[in-house]
Amino acid sequence: MGKVSAAFSLKHVLVLSLALNVGLILRFLHEGGAKNLEKENRDTAAGAGAVMASKEAHAGMTSSSSAGAAEAVAGGGDDGSVINLDHGDPTMYERFWQQMGDKTTVVIPGWQYISYFSNVRNLCWFLEPEFANAVVNLHKVVGNAIADDHHIVVGTGSTQLFQAVLYALSPADSSEPMSVVSAAPYYSSYPLQTDYLKSGLYKWAGDAYKFSKDTPYIELVTSPNNPDGSTRQAVVNQSEGIRLHDLAYYWPQYTPISFPADHDIMLFTVSKSTGHAGTRIGWALIRDREIAKKMTKFIEINTIGVSKDSQLRAAKVLQAVSDSYDRDGIPKESKAFFEYGYNLMAERWRNLRAAVNMSGLFSLPDFPVEVCTFSRRAFEPQPAFAWLKCEGEIEDCESFIRKHKILTRGGKHFGVSPKYVRISMLDRDEKFNLFTERLSKIHN
């Protein structure tokens, strides 16, 4: 019996010893992994200020900077967190759509909309009729574009539509790529998107002001312009040119609507009109049937159509905006989308100009006051981006502001002087308020 007890005790001691050793090993691995993760996070935070010239945004910074800004405002001060205003993520509209409740909720049963096709008799066969009707209705209410005599082509954001237009406008049998130009400062993604596929059909040819080749070309006219908010018209005046009008910001919360645009090629997107960037839906109004047909073919080859779920959500949102106004553009309810957007943008621009005046190191462009045919109010444009200039001896404005943990996009990406930076005006209140507070305190 004693031998059995001794063996039993020895067995338990061995098991206990093994368990302790395994526990120590696991603890070591856990602590080592935690230390490595902590070091990785510190390294990420330390390198977050570096700006990538060919990227749309600074990767990995958005979540941490948003959280830091929210905590700083909640605590009533500036905690020194990074403020990322490099990209135009339109999260300022979240609060409005939260207040709308279920008015824009879309429920799709699992069996619906599983086919590739929406309407095989339509030129753009993947265009959902609900979305097409919502687009036409909204343009009629706002009066910013004539859609009736144009073909509607839907795309996965205006980025896909941009590629589709370039494909449709470029002759397949040309001896050299078609030149694509835009007047500086131009949208920083135009050169990247144009040359991304390294197509033999077209190529980026730079600033439209400097274009002098006597060959066919495509001129990109963005109005209001990204980045500086100015009203734009075509610059190159040659017979062989084709103009593409990017009207993503031609909405009454950003600029007075002065006339209904009636160009041959017009691009719009829900990301800047209503703030639903994640829905990834844009639309083109195309007068020429063959161009619309070629664009549709490009999207067919590229993605075999466009998400029906996204189109239906976008249709619900656009129609909700239209339904909140009568035929004369007068709000039928207190929660009218464009009123909300206009008031918020007006407040933000007032606060930004006050911060710039307090600092004394920067300047902003001035805009003429115009009467908006939609709202019937006279106001100056209040663009989605601020085009800030560093005055005096500051030559690299992007680097200078980055020292104060504010991420922007420098003028060199837009084809102009690095004394300029583009700053998003569309982020959440917490981050924007923290930005203006910090900017006002930057002095020599």
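The structure we're discussing is the one just above.
Since the structure is predicted, the reported quantities are computational estimates derived from the model, not experimental observations.

(A) The overall build of the protein chain, seen in detail. For the protein chain, the count of helices and strands is twelve helices and 15 strands. For the protein chain, with 444 residues in total, the buried portion stands at 48%. Pairs at least 24 residues apart make up 71% of the contacts formed inside the protein chain by residues separated by at least 6 positions. Accessible surface, the protein chain: about 21700 Å² in total, of which carbon and sulfur atoms supply 54%.

(B) Structural view of a nonpolar patch on the surface. Where nonpolar side chains cluster on the molecular surface, the patch consists of Tyr116, Phe117, Val120 and Ile304 and spans about 440 Å² of accessible area. For Val120, the position within the fold is in the loop between helix H3 (94-99) and helix H4 (129-142). Overall, the relative accessible area of 61% leaves Val120 in the exposed class.

(C) Structural detail: the state of the cysteines. Applying the stated criterion across every chain, the model contains one disulfide. Shown here is the disulfide that connects Cys390 with Cys397, its sulfur atoms set 2.0 Å apart. Residues Cys390 and Cys397 are joined through a disulfide that is right-handed, its torsion about the S-S bond being 65°. With relative accessibility at 0%, the residue Cys397 sits in the buried group.

(D) Fine view of the nonpolar core. Counting 109 residues, the largest nonpolar core has Phe131, Trp283, Met295, Leu352 and Phe362 as its most contacted members. Top contributing element to this core by residue count: helix H10 (residues 337-359), with nine residues. Once you skip the residues sitting within four places of it in the chain, Met295 turns out to touch Val153, Leu161, Ala164, Val165, Ala168, Ala284 and Ile286. The next biggest cluster of nonpolar side chains, apart from the first, holds six residues, and it includes Val181, Ala208, Phe211 and Tyr217.

(E) Quick look at the sheet that holds strand S15 (residues 420-424). In space, the four strands of this open sheet follow the order S9-S12-S15-S14, with antiparallel pairing throughout. Two strands in the sheet have a free side with no partner beyond their single neighbour: strand S9 (362-363) and strand S14 (409-410). Looking at chain direction, S9 and strand S12 (residues 385-390) are connected through two bridges and run antiparallel. Across the sheet, Phe362 pairs through a bridge with Cys390, a residue of S12. Helix-sheet contacts for H10 involve S9 and S12, and the interaxial angle to S12 is about 10°.

(F) Structural detail: the pairing of strand S6 (residues 241-246). Two elements, strand S5 (residues 217-222) and S6, share six bridges in a ladder whose sense is parallel. The partner of Thr222 across the bridge, within S6, is Asp246. Strand direction decides the pairing type here: S6 and strand S7 (residues 265-269), joined by two bridges, are parallel. Its bridge partner lying in S7, Asp246 is registered against Leu267.

(G) Examining the side chain of Arg409 more closely. Relative to the assigned elements, Arg409 resides in strand S14. Exposure remark for Arg409: the relative accessible area of 3% places this residue in the buried category. At a separation of 3.0 Å, a polar atom in the side chain of Arg409 contacts the side chain of Asp86.

(H) The pattern of salt bridges, seen in detail. This model, assessed by the stated rule, comprises 18 salt bridges. Arg438 is the partner of Asp78 in a salt bridge, and the nearest nitrogen-oxygen pair spans 2.7 Å. On the criterion of sequence distance, the pair formed by Asp78 in the loop between helix H2 (62-74) and strand S1 (83-84) and Arg438 in helix H12 (residues 429-440) is long-range, its members being 360 residues apart. When its relative accessible area of 33% is taken as the criterion, Asp78 is described as partly exposed. Where Arg428 meets Glu94, a salt bridge forms, and the shortest distance between an N and an O atom there is 2.9 Å. Of this pair, Arg428 sits in the loop between S15 and H12 while Glu94 sits in helix H3; the two residues are 334 residues apart in sequence, bridging distant segments of the chain. The partly exposed category is assigned to Arg428, whose relative accessible area is 31%.

(I) Just the packing of H10 against H12, in detail. Running from N to C, H10 and H12 point in directions that differ by 20°, and their axes come no closer than 7 Å. In this view, H10 runs roughly parallel relative to H12, as classed from their interaxial angle. Crossing handedness for the pair H10 and H12: left-handed. In contact with Leu344, Arg348, Asn351, Leu352, Ala355, Val356, Met358 and Ser359 of H10, H12 contributes Asp429, Phe432, Phe435, Thr436, Leu439 and Ser440. For the contact of H10 with H12, the per-class residue count stands at eight nonpolar, four polar and two charged.

(J) The arrangement of the layout of surface pockets in detail. Here the second largest pocket is characterised by a volume of approximately 280 Å³. Surrounding the second largest pocket, 17 residues form its lining, Ser223, Thr231, Arg232, Phe259 and His263 being those nearest its centre.

(K) Quick peek at the packing of aromatic side chains. Counting across every chain of the model gives 30 aromatic pairs. Ring centres of Tyr249 and Tyr254 lie 6.0 Å apart, and the angle between their planes is 70°; on these two criteria the pair is classed as edge-to-face. Assigned by exposure class, Tyr249 and Tyr254 land together as buried. In textbook terms, an aromatic cluster arises when at least three aromatic residues are bridged by ring pairs, as seen for Tyr93, Phe96, Trp97, Phe131, Trp251, Phe268, Trp283, Tyr325, Phe337, Phe338, Tyr340 and Phe374. We note Arg348 situated over the ring of Phe432; from NZ or CZ to the ring centre the distance is 4.8 Å. The side chain of Arg377 reaches across the aromatic face of Tyr342, ending 3.8 Å from its centre.

The rules we used
Residues numbered from 1 in each chain as written. Predicted model: local features only at pLDDT ≥ 70, side-chain atom pairs only at ≥ 80, totals over all residues. Heavy atoms only, no water. Helix = DSSP H or I, 4+ residues; strand = E, 2+ residues; numbered from the N terminus. Buried < 20%, exposed > 50% of the residue type's maximum accessible area, 1.4 Å probe, protein only. Contact = heavy atoms within 4.5 Å. Areas by Shrake-Rupley, 256 points an atom, 1.4 Å probe, with all protein chains shown as cover. Patch = residues over 30% accessible without salt bridge, like charges linked within 9 Å, V, L, I, M, F, W, Y side chains within 5 Å. Salt bridge = Lys/Arg side-chain N within 4 Å of Asp/Glu carboxyl O. Disulfide = S-S within 2.5 Å. Core = buried A, V, L, I, M, F, W, Y, C linked by side-chain atoms within 4.5 Å. Pairing = 2+ DSSP bridges. Axes fitted to C-alpha atoms, helices over the stretch in contact; angles between N-to-C directions. Polar contact = N/O pair within 3.5 Å; in protein donor to acceptor, adjacent residues only side chain to side chain. Parallel < 35°, antiparallel > 145°, perpendicular 65-115°, else oblique. Left-handed = near helix turned anticlockwise from the far one by under 90°. Nonpolar A, V, L, I, M, F, W, Y, C, P; charged D, E, K, R; others polar. 1 Å grid on protein atoms, 1.4 Å probe; cavity = no way out; pocket = protein on both sides within 12 Å on 5 of 7 lines; lining within 4 Å. Points joined across faces, edges and corners; volume = space filled by probe spheres on them. Phe/Tyr/Trp six-rings, centres within 6.5 Å; stacked < 30°, edge-to-face > 60°. Lys NZ or Arg CZ within 6 Å of the ring centre and 35° of its normal.

Functional significance is not addressed by these values, which are geometric in nature.
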